[in-house]
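# Chain and residue survey
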Amino acid sequence: MAVIHRTVLEPTKLEILAAWLPTRPWYVPGAGGPELAKAGGFRLDDPQGEGGIEFMAVTDTAGDDAVTYLVPLTYRGAPLAGAEHALVGTMEHGVLGRRWAYDGCHDPVLRTQLLALLRGRVLAQDQNTSDTPDREVTRSYDGDGGDLADLAAGAVDDREGTRLSAARGSTLRLHRVLRPAPDGPPSLPPGTNGHVAGSWRTPDGSRARGLFVVLHGSPGDLDGRTGRPA
């Protein structure tokens, strides 16, 4: 079980993300640098209890139109070997000391737990409260998404988000730019084999809901921006 510490981080998560986000191909440039606010998210437990796993939603209000991003992060007490390219930044934690924050798509622990969530084997946890499930996070998996055991092959960023590929053409697509569903629960793209959806706060204080992750059987069939067949 992840324990949420009430303490100080230096620099803060939003500060390291403000420097990192503009380096991503899916980042939408605003007026000047990012002006970030926490908008929501959830956590997953690390079975070994060695690190933190957080799916953050952050909103950039620097441009004319606010943009909300999904940022999966892992927090470790030592550098992750071979993941220098995925380092978001380091922070001093008031209780745990030095923490290395990584783009979690490149961390095998997050990938493993995300697949467990997708398959219903673990529960999403509240972002701010220890040992409390987040009931707003929904998921599905029809068991026909191919063999996902080799998902650790790597993560690829493009202008539409992040793609994790597995055997037999299965693709897990993370929607880095979050788009609210117009009405009711988010609709799934045709041919979807699984999904994770959640909610976040908009700048006016209302709640939005949309897809975070979509599993599809063929990476060439799905357009990552629209969620429709390409």
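Before going further, it helps to examine the confidence of the model for the protein. A residue-level look at the protein finds 86% of positions with pLDDT of 70 or above and a mean pLDDT of 86. Below a pLDDT of 50 lies the segment residues 219–230, which in the model reaches 24 contacts outside its immediate sequence neighbourhood of four places, other chains included.

What follows concerns the nonpolar core. Judged by nonpolar contacts, the single largest core of 26 residues is most densely connected at F42, F55, L172 and V196. Only β2 (36–44), β3 (52–60), α2 (108–118), β11 (171–174), β12 (192–201) and β13 (207–216) provide two or more residues apiece to this core. No other element matches α2, which puts 5 residues into this core. For V196, the contacting residues outside a window of four places in its chain are F42, L114, L117, L118, V137, T138, R139, L211, F212 and V213. The next biggest cluster of nonpolar side chains, apart from the first, holds 19 residues, and it includes L21, V67, Y69 and L73.

The strands that make up a sheet pair up through hydrogen bonds in the backbone, lying either parallel or antiparallel. Strand order in the open sheet made by the 7 strands is β1-β5-β6-β4-β3-β2-β7, with antiparallel pairing throughout. Every other strand in the sheet has two partners, leaving β1 (9–10) and β7 (125–126) as the edge strands with one partner each. Of the strand pairs in this sheet, β1 and strand β5 (residues 87–93) are connected by 2 bridges, and their pairing is antiparallel. Looking at β5, one finds that L9 is bridged to H93. Here helix α1 (residues 13–20) sits on the sheet and contacts β1, β2, β3, β4 (67–76), β5 and β6 (97–103); the angle it forms with β5, its principal contact strand, is near 160 degrees. Across the face of the sheet, α2 comes into contact with β2, β3 and β4 while running at roughly 85 degrees to β3.

Conventions and cut-offs
- Residues numbered from 1 in each chain as written.
- Predicted model: local features only at pLDDT ≥ 70, side-chain atom pairs only at ≥ 80, totals over all residues.
- Heavy atoms only, no water.
- pLDDT = per-residue confidence, 0-100.
- Contact = heavy atoms within 4.5 Å.
- Core = buried A, V, L, I, M, F, W, Y, C linked by side-chain atoms within 4.5 Å.
- Buried < 20%, exposed > 50% of the residue type's maximum accessible area, 1.4 Å probe, protein only.
- Helix = DSSP H or I, 4+ residues; strand = E, 2+ residues; numbered from the N terminus.
- Pairing = 2+ DSSP bridges.
- Axes fitted to C-alpha atoms, helices over the stretch in contact; angles between N-to-C directions.

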